[in-house]
Amino acid sequence: MNIIVNDIDDHNDHTMNDYRFNLLPPFRAMIVNHVASHVSKLFTKLNERYNKKHSPKGQMEMYKGTALALFINLVEQKTEDVIAAGFFKEAMIKTIVEHVTELLPIDVQENILVLFSNAKFSLMKDIMVYLAHAENFEEYKAFIKDPTTFAKTWITKLTNDVMFERKGNVETKYADLANSRVHKIFCHLLESIHEANENCSQLGQSNVKQWIDYFLKHVGEYNYLPLSNDILIHVQSRKVSDIGNFTKMLLDDLKDTESIVLRTFQTTTASTVQWNESPIPKIMNRLWGCEAKCMFCYEPCKNTDRDHISLGFPHQCIQHRPKGIRGFSWYRTDKLLVDFCNYSVSTDSKYKWNKDDEREEWKYYKDYKKFHPDWDILPSSDVSRYWMWVVCKYQQEFAKMYGVKLPDIPVNWWTITKEQAIESISITS
């Protein structure tokens, strides 16, 4: 709620916008009430999901399967060895699926990060190329107004496409990552089962509890699976008559157990995946970082470290844009501005956030440090051919968006093709 209140206050202060209206208290109350209603439903849903899994009732639901299996086994008069082996298999499936599910977000994160060799620059470049090909002004508008949210949405879709796209009979990348984890676990599991059996044989022990102790000791030494006595409590409670036979049944069923685990991940899709912790926030933190954008042109800060200001590094941009993209227009003609802000800071040009507000004083662009000390805009005549092309292509839409007149666009801007605009991003340094 504080975020909403602060954003409304920032809007009404007009330090980062030139809107000609304020948001009144009734509107603030309406928004807060709407968000509170949504958040209440969300947290109720999350709480229900948690209780379903961890509450006494939820645990009882999970135990139903075990109790049913026990009943079926007794009815079919299966031996204690078979019953114990069945419970061991169920415990391994549940534990391995949960463990791999917890680890997969890390694998997904690393696989997405390697796609962007130059971090934020690579991500912004890919987004800009996508926007150029999409030729949808509404998407440009969303990226200009809130680049962080747009980038997060774009990364989320990319992650889903990369992880869950299925080509023919080839497994998804998500299933492939899970397969790698699962295979290593089952290789260790095979060793642990053999080790437990050998220890019991050498010491002449035939108690299943002792077998489990040796098994858990070996698992703990290699630390490949979070197992405990509690997880195997139903196995320990059985009166296994032949440890050798019990071990053989586990080994014979190991491949089937692995197949069942793998099938869980092979059938997972973008719409059914349930992340214990979504990889998107960490991907965004590594790739995007700082969420600030230039106050004059809305170009995002290039820093990927959210704390770069406290470390003594100011906000900077890889490139800047024509100020009209942010909504600036000439005072007397009301025509959209095409000057780049990195050029304006080297001139005696002035600006106002709200040019119709007679109480607001005009300020020199070159004095921006007085009002925005955390920003560093290098005076330069460098221009972005990409954003020059965007202004030419969407001048009508920008004028309508900000309620101003069409810009006076330099003749040479019109010669820039889409291909040249895209190519110019690659050579930006």
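Below or above, wherever it landed, is the structure these notes cover.

Cut-offs and rules
The residue numbering used here restarts from 1 in each chain and proceeds along that chain's sequence as written. With the structure being a predicted model, the display of local features is reserved for residues of pLDDT at least 70 and the display and counting of side-chain atom pairs for 80 or more, all residues being used for whole-chain, interface and lining totals. Hydrogens are left out, water is left out, and the side-chain values use all remaining heavy atoms of the structure. Note on conventions: DSSP H or I runs of at least 4 residues are helices, E runs of at least 2 residues are strands, and numbering of each starts at the N terminus. Here the term buried applies to any residue with accessible area under 20% of the maximum for its type, exposed to any over 50%, and partly exposed to those in between, with areas from a 1.4 Å probe on protein chains only. Here, residues are in contact when the closest pair of their heavy atoms is within 4.5 Å. Surface exposure here means Shrake-Rupley accessible area, sampled with a 1.4 Å probe, where a residue is shielded only by the protein chains that are shown. Basic side-chain nitrogens of Lys or Arg form a salt bridge, by our definition, when they fall within 4 Å of a carboxyl oxygen of Asp or Glu. Residues with no salt bridge and a relative accessible area higher than 30% make up the patches, which join like charges within 9 Å and nonpolar side chains (Val, Leu, Ile, Met, Phe, Trp, Tyr) within 5 Å. Positive: Lys, Arg. Negative: Asp, Glu. His and the chain ends are not part of the count. Every charge is mapped to an atom, namely NZ of Lys, CZ of Arg, CG of Asp or CD of Glu. Here, nonpolar core means buried Ala, Val, Leu, Ile, Met, Phe, Trp, Tyr and Cys residues that are tied together by side-chain atoms lying within 4.5 Å of each other. Any Phe, Tyr or Trp ring, taking Trp's six-membered ring, that has another such ring centre within 6.5 Å forms a pair; planes under 30 degrees apart are called stacked, those over 60 apart edge-to-face, and the others tilted. Each ring is checked for a lysine NZ or an arginine CZ that lies within 6 Å of its centre and within 35 degrees of its normal; such an atom marks a charge sitting over the ring. An axis is simply a line fitted to the C-alpha atoms; with a helix, the fit covers only the stretch in contact. Between two such axes, the angle follows the N-to-C directions and lies from 0 to 180 degrees. Any angle that falls under 35 degrees is termed roughly parallel, while one over 145 is termed roughly antiparallel, one within 65 to 115 roughly perpendicular, and all others oblique. In this scheme the handedness of a crossing depends on how the near helix is turned from the far one: anticlockwise by less than a right angle means left-handed, clockwise means right-handed. Note on terminology: pairs of cysteine sulfur atoms within 2.5 Å are recorded as disulfides.

**Topic: the overall build of the protein chain**
Okay, so step 1: A count of helices and strands for the protein chain gives 18 helices and two strands.
Okay, so step 2: Looking at the protein chain as a whole, 42% of its 429 residues qualify as buried.
Okay, so step 3: Sequence-distant contacts, at least 24 apart, represent 67% of the contacts inside the protein chain between residues at least 6 apart.
Okay, so step 4: About 24100 Å² of surface is accessible on the protein chain, with carbon and sulfur atoms providing 53% of the total.

**Brief notes about the pattern of salt bridges**
Okay, so step 1: All chains considered together, the criterion is met by 19 salt bridges.
Okay, so step 2: A salt bridge links Lys89 to Asp253, with the shortest nitrogen-to-oxygen separation between them at 3.1 Å. Taken together, the residues Lys89 in helix α4 (residues 80–113) and Asp253 in the loop between α11 (243–252) and α12 (254–266) connect sequence positions 164 residues apart.
Okay, so step 3: Given a relative accessible area of 18%, Lys89 falls into the buried group.
Okay, so step 4: Taking relative accessible area as the criterion, Asp253 reaches 27% and is therefore assigned partly exposed.
Okay, so step 5: With a closest N to O distance of 2.5 Å, Asp256 and Lys89 form a salt bridge.

**Side note on a negative patch on the surface**
Okay, so step 1: A grouping of Glu191, Glu195, Glu198 and Glu221 is seen on the molecular surface, where their side chains present a negatively charged patch.
Okay, so step 2: Sorting elements by how many residues they give to the negative patch places helix α8 (residues 173–202) first, with three residues.
Okay, so step 3: Following the sequence through the fold, Glu221 ends up in helix α9 (residues 208–222).

**As for a nonpolar patch on the surface**
Okay, so step 1: A contiguous nonpolar patch, built from Val114, Leu115 and Val162 and spanning about 250 Å² of accessible area, is present on the exposed surface.
Okay, so step 2: Summarising the element assignment, Val114 is placed in the loop between α4 and α5 (119–134).
Okay, so step 3: Look at Val114 and you get exposed, because its relative accessible area is 61%.

**Focus: the nonpolar core**
Okay, so step 1: Membership of the largest hydrophobic core comes to 93 residues, with the highest contact counts inside it found for Met92, Tyr140, Ile155, Trp211, Phe215, Tyr386 and Phe398.
Okay, so step 2: Discounting residues that sit within four places of it in the chain, Phe215 has contacts with Phe88, Met92, Leu189, Ser192, Ile193, Ala196, Leu227 and Leu232.
Okay, so step 3: Core analysis: the second largest hydrophobic core is formed by 17 residues, Cys290, Met295, Leu337 and Tyr365 among them.

**Looking at the packing of aromatic side chains**
Okay, so step 1: Scanning the entire structure with this criterion turns up 26 aromatic pairs.
Okay, so step 2: With 5.4 Å between their ring centres and 10 degrees between their planes, Trp211 and Phe215 make a pair best called stacked. Taken together, the residues Trp211 and Phe215, both in helix α9 and four residues apart, mark about one turn of the helix. Note on accessibility: Trp211 and Phe215 belong to one class, buried.
Okay, so step 3: Relative to Tyr365, the ring of Phe296 has its centre 5.1 Å away and its plane inclined at 70 degrees; by these criteria the two rings are edge-to-face. Here the residue Phe296 occupies a position in the loop between α13 (280–287) and α14 (341–344), and Tyr365 occupies one in the loop between β2 (363–364) and α15 (368–371), the gap between them amounting to 69 residues. Here Phe296 matches Tyr365 in class, with each residue buried.
Okay, so step 4: Within the aromatic cluster, the residues linked to one another by ring pairs are Phe137, Tyr140, Tyr386, Trp387, Trp389, Tyr394 and Phe398.
Okay, so step 5: When the ring centre of Tyr394 is taken as reference, the NZ or CZ atom of Lys393 above it lies at 5.6 Å.

**Things to note about unusual backbone geometry**
Trans is the prevailing form of peptide bonds, just as negative phi is the prevailing case for residues other than glycine.
Okay, so step 1: Positive phi, normally seen in glycine, also occurs at Ala119, with a value near 50 degrees.
Okay, so step 2: Along the chain, Ala119 turns up in helix α5.
Okay, so step 3: Positive phi, normally seen in glycine, also occurs at Tyr298, with a value near 70 degrees.
Okay, so step 4: Its location among the elements puts Tyr298 in the loop between α13 and α14.
Okay, so step 5: A relative accessible area of 5% means that Tyr298 is categorised as buried.

**Some thoughts on the packing of α8 against α12**
Okay, so step 1: Following both chains from N to C, one finds α8 and α12 inclined at 160 degrees, their axes separated by 10 Å at the closest point. As far as their axial angle goes, α12 and α8 are roughly antiparallel. As for how α8 packs across α12, the hand of that crossing is right-handed. Here Tyr174, Ala175, Ala178, Asn179, Val182, His183, Phe186, Leu189, Leu190 and Ile193 of α8 come into contact with α12, specifically with Leu254, Thr257, Glu258, Val261, Leu262, Phe265 and Gln266.

**A few points about the environment of Met92**
Okay, so step 1: Of note, Met92 is situated in helix α4.
Okay, so step 2: Note: C-alpha distance between Met92 and Leu225 (133 residues apart in sequence) is 9.6 Å.
Okay, so step 3: For Met92, the contacting residues outside a window of four places in its chain are Leu189, Phe215, Leu225, Leu227 and Leu232.

**As for the state of the cysteines**
Okay, so step 1: Taken as a whole and assessed by the stated rule, the structure comprises zero disulfides.
Okay, so step 2: Cysteine Cys290 remains unbridged, with the sulfur of Cys301 as its closest cysteine sulfur at 3.8 Å.
Okay, so step 3: Taking relative accessible area as the criterion, Cys290 reaches 5% and is therefore assigned buried.

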